[in-house]
Amino acid sequence: QVQLVESGGGLVQAGGSLRLSCVASGTIDSISSMAWYRQAPGKQRALVARIIGDGAINYVDSVKDRFTISRDNAKNTVHLQMNSLKPEDTAIYYCNALIRPTRMRNFDNYWGQGTQVTVSS
């Protein structure tokens with residue numbers, strides 16, 4: 001089976017930084033895109049950043065100048081460097097990846113368990 005495990009969340013003051021990491025493990029044949037989503041209390045889960053296998057990157061406008069997504073294909077890992085954090089960034093951050101498991105024909109979406117990011121004002 002495939003698992004995504006996030007780490008790096010925590011409590012930080014406004015203006016501070018955090019670096020999130022997500023490692024995919026299991027019987028993996030191929031990983032296409034990897035992404036970070038977040039869900040604040042009372043709100044829908046929303047895309048933060050996505051990185052495709054060829055390196056193409058998308059960010060939501062609110063984080064474009066502050067967050068950086070990167071990927072280490074050899075380690076099946078995606079990172080999210082978050083700088084200049086704001087209270088409105090407070091949310092549970094979820095790792096997402098489009099993965100084709102070994103012996104499977106199709107790519108499926110997988111989700112991590114989430115890691116809490118809290119930014120105090």
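Look a little higher up for the structure.
Here's a quick rundown of the structure. Worth saying up front: this structure is predicted, and the values here are computed from it rather than measured. (Residues numbered from 1 in each chain as written. Predicted model: local features only at pLDDT ≥ 70, side-chain atom pairs only at ≥ 80, totals over all residues. Heavy atoms only, no water.)

### Quick word on the packing of aromatic side chains
For the record, the criterion: Two rings belonging to Phe, Tyr or Trp (six-membered ring only in the last case) form a pair when the distance between their centres is within 6.5 Å. Interplanar angles under 30 degrees mark stacking, angles over 60 mark edge-to-face geometry, and anything in between is tilted. Helix and strand assignments come from DSSP, with helices taken as H or I runs of at least 4 residues and strands as E runs of at least 2, each series counted from the N terminus. To sort residues, take the accessible area from a 1.4 Å probe on protein chains only and compare it with the maximum for the residue type: under 20% means buried, over 50% means exposed, and anything in between is partly exposed.
Inspection of the entire model under this criterion finds one aromatic pair. Ring geometry for Tyr37 against Trp111: centres 4.9 Å apart, planes inclined by 65 degrees, an arrangement best described as edge-to-face. Highlighted residues: Tyr37 in strand β4 (residues 28-39) and Trp111 in strand β10 (residues 108-111), separated in sequence by 74 residues. With a relative accessible area of 15%, Tyr37 lands in the buried category.

### Let's talk about the pairing of strand β11 (residues 115-120)
Defined as follows: At least two bridges found by DSSP between two strands is the condition for calling them paired.
Alternating positions in β11 separate cleanly, Thr115, Val117 and Val119 being buried on one face and Gln116, Thr118 and Ser120 remaining unburied on the opposite face. Relative to β11, strand β2 (residues 10-13) runs parallel, the two sharing four bridges. Across the sheet, Gln13 pairs through a bridge with Ser120, a residue of β11. As paired elements, strand β9 (residues 91-101) and β11 share three bridges and run antiparallel to each other. Pairing of Ile92 across the sheet is with Gln116, part of β11.

### Digging into the state of the cysteines
Under the convention used in this document: Note on disulfides: each one is a pair of cysteine sulfur atoms within 2.5 Å.
Scanning all chains against the criterion turns up one disulfide. Sulfur-sulfur distance for the disulfide between Cys22 and Cys95 comes to 2.0 Å. Here the S-S torsion is close to -85 degrees, and the disulfide linking Cys22 with Cys95 is therefore left-handed. Pair noted here: Cys22 is in strand β3 (residues 18-25) and Cys95 is in strand β9, with a separation of 73 residues, a long-range link. Residue Cys22 is classed as buried on the basis of its relative accessible area of 0%. Cys95 gets classed as buried once you look at its relative accessible area, which sits at 0%.

### A short note on the nonpolar core
Spelled out, the test is: Take the buried residues of types Ala, Val, Leu, Ile, Met, Phe, Trp, Tyr and Cys, join any two whose side-chain atoms come within 4.5 Å, and each joined set is a nonpolar core. A contact between two residues is defined here by any heavy atoms of the two lying within 4.5 Å.
Judged by nonpolar contacts, the single largest core of 29 residues is most densely connected at Trp36, Leu80, Met82 and Tyr93. At five residues, β9 tops the list of elements feeding residues into this core. Once residues lying within four places of it in the same chain are set aside, the contact partners of Leu80 are Leu18, Arg19, Leu20, Trp36, Val48, Ala49, Phe67, Thr68, Ile69 and Tyr93.

### Quick look at the environment of Ser25
Looking at where Ser25 falls in the secondary structure, it is placed in strand β3. The spatial distance from the C-alpha of Ser25 to the C-alpha of Ser121 is 36 Å, given a sequence separation of 96 residues. Aside from chain neighbours lying at most four places away, what touches Ser25 is Gln1, Val2 and Gln3.

### Concerning the sheet that holds strand β8 (residues 77-82)
Selection criterion: Working convention: axes come from line fits to C-alpha atoms, limited for helices to the stretch in contact. Angles between N-to-C directions cover 0 to 180 degrees.
Ordered in space as β1-β3-β8-β7, the four strands form an open sheet in which the pairing is antiparallel. What marks the edges here is a single partner per strand, and that holds for β1 (3-7) and β7 (67-72). Across the sheet, the axes of successive neighbouring strands diverge by a mean angle of 15 degrees, strand direction being ignored. Pairing between β3 and β8: six bridges, direction antiparallel. Paired with Leu18 across the two strands is Met82, which belongs to β8.

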